[in-house]
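# Notes for the structure review
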Amino acid sequence: MDEEWGGRLAVVGAGVMGTALATLAVGRGLPVLLIDVSEAQLERAKGAVRQQLRHARLLGKLPKGPDGDLAVTTSYAELADAAAVVEAVTETTEAKAGALAAISAAVAPGTLIASNTSAVPVDELAGYTQHPEDVVGTHFMNPPYLIRAVEVIRGPRTGDAAMASLDRLLGALDREAIVVGDGPGFVSNRILMRVINDAARLVAEGRAPAESVDRVFTGCFGHRTGPLATADLIGLDNVVDTLKVLHDRTGDDGYAACDLLLDKVRAGDFGHKTGNGFYSYGGTRA
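My aim in this report is to walk through the structure given alongside it, one point at a time. What you see is a predicted model, and the numbers here were worked out from it, not measured in a lab.

There is about 1600 Å³ of room inside the largest pocket. Surrounding the largest pocket, 50 residues form its lining, F140, M141, N142, L233 and I234 being those nearest its centre. A breakdown of the residues in the lining of the largest pocket according to their chemical character gives 23 nonpolar, 19 polar and eight charged. Here the second largest pocket defines a volume of roughly 190 Å³. Along the wall of the second largest pocket there are 15 residues; nearest its centre are V16, Q52, N142, P143 and Y145. Mapped by element, the contributors of at least two residues to the lining of the second largest pocket are α1 (16-27) and α2 (39-58).

So, on to the packing of aromatic side chains. Evaluation of the coordinates by the stated rule reveals one aromatic pair. Taking 5.3 Å as the distance between ring centres and 90 degrees as the angle between the ring planes, the aromatic pair formed by F217 and F221 counts as edge-to-face. Looking at F221, the relative accessible area reads 52%, which means it is exposed. Lying across the ring of Y255, R194 places its NZ or CZ 5.5 Å from the centre. Over the face of the ring belonging to F278 we find K264, whose NZ or CZ atom lies 5.1 Å from the ring centre.

Since one α-helical turn is 3.6 residues long, residues separated by three or four positions face the same way. For helix α3 (residues 93-106), which comprises 14 residues, the first-to-last C-alpha distance of 20 Å matches the rise-based estimate of 20 Å (1.5 Å per residue) to within 8%. For α3, the complete set of buried residues consists of T93, K96, A97, A99, L100, I103 and S104. Each element contacted by the buried residues of α3 is listed here: β1 (8-12), β4 (82-87), β5 (112-115), α4 (122-126) and α9 (236-250).

Summary: where empty space remains is shown by rolling a probe the size of a single water molecule over the atoms. Evaluated as defined, the whole model comprises one cavity of 30 Å³ or more. Of the volumes computed, that of the largest cavity is approximately 40 Å³. Residue lining of the largest cavity: L9, V11, L21, V86, F140, L169 and L173, and that is the complete set.

The omega torsion of the bond from N142 to P143 falls at -5 degrees, within 30 degrees of zero and hence cis. Here P143 is to be found in the loop between β6 (135-140) and β7 (149-153). Despite not being glycine, D174 has its phi angle at roughly 60 degrees, a positive value. Judged by relative accessible area, D174 falls into the partly exposed class, the value being 29%.

The terminal C-alpha atoms of helix α6 (residues 188-205) lie 26 Å apart, and with 18 residues this matches the ideal 26 Å at 1.5 Å per residue to within 8%. Residues of α6 that are buried: N189, M193, I196, N197, A199, A200 and V203. Each buried residue of α6 lies within a common arc of 160 degrees when the element is viewed along its axis, so the set occupies one face. When the buried face of α6 is taken as reference, the exposed residues oriented beyond 90 degrees from it are I191 and E205. On its buried face, α6 is in contact with β6, α7 (210-220), α8 (227-234), α9 and α10 (259-266).

Taken across its six residues, β4 has five buried, putting it largely inside the fold. Bridge count for β4 against β5 is four bridges, and the pairing is parallel. Note that in β5 the partner of E87 across the bridge is S115. Of the crossover connections in this fold, the one passing from β4 over α3 to the parallel β5 is right-handed.

Moving on: the side chain of T19. Within the secondary structure, T19 sits in helix α1. Side-chain polar atoms of T19 contact the backbone oxygen of G15, separated by 2.8 Å. Aside from chain neighbours lying at most four places away, what touches T19 is G13, A14, A45, A48, V49 and Q52.

Rules and cut-offs
- Residues numbered from 1 in each chain as written.
- Predicted model: local features only at pLDDT ≥ 70, side-chain atom pairs only at ≥ 80, totals over all residues.
- Heavy atoms only, no water.
- 1 Å grid on protein atoms, 1.4 Å probe; cavity = no way out; pocket = protein on both sides within 12 Å on 5 of 7 lines; lining within 4 Å.
- Points joined across faces, edges and corners; volume = space filled by probe spheres on them.
- Nonpolar A, V, L, I, M, F, W, Y, C, P; charged D, E, K, R; others polar.
- Helix = DSSP H or I, 4+ residues; strand = E, 2+ residues; numbered from the N terminus.
- Phe/Tyr/Trp six-rings, centres within 6.5 Å; stacked < 30°, edge-to-face > 60°.
- Buried < 20%, exposed > 50% of the residue type's maximum accessible area, 1.4 Å probe, protein only.
- Lys NZ or Arg CZ within 6 Å of the ring centre and 35° of its normal.
- Expected span 1.5 Å × (residues − 1).
- Contact = heavy atoms within 4.5 Å.
- Arc of directions from axis to C-beta.
- Pairing = 2+ DSSP bridges.
- Right-handed = clockwise from strand over helix to strand, strands pointing away.
- Polar contact = N/O pair within 3.5 Å; in protein donor to acceptor, adjacent residues only side chain to side chain.

Next up, the structure:
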């Protein structure tokens, strides 16, 4: 653990990203408090963290230890002594607004609040807190214990102290910050979500199957994965939520989720986490 970082990191939201962020922090020796409204979800998260730590270490992406302590709770009141809080709840304005308001009410002024958001503007999110200067956007990629780069979004009201605190935290986590300006989708998803949506439209039109669309990107452009395999990794439900945020805030119909994406989400085919999306993870297409 980096000696410049002190105190416990709190992660709010024990879903896919929150659990993976807890894995990263615990694996880097930081004590972590994981918060969720569901006790059952917290129990699942504890098992997932153990499994992900093994996976990351087999790949040489995390040191062998010692691990930081992992505590879980459903009470926001336990945030009072957190050195920093990462909000990682569902990518909807309503969910994030509620979580950020509760976090802000529980922590001391000057405590870093990092919203792990993939599309909602940081200044909009900061407006739900008591101290907007403490809020910064952190768009960790999935899974964050394998991917070092983090898209960091400095909002117009984000203070220097918050940026310095985030820099210390990312140093302790051995992550690399790429700082960008605020706005819907920032850099990554302002581009990526439109590509995924258009790729799905081409599949729906019968222009090419998912494998061929992705092979154009991997074979011709040298991308490590194609847009539809990437969408399955992100989670098609998360893709649809992010597209809605972008469509609502830009008015650009290119971000209106296509019917094929909506149909897959309605069917419960979210990608990797459900076993089926654009691909079936038994090896054949869904």
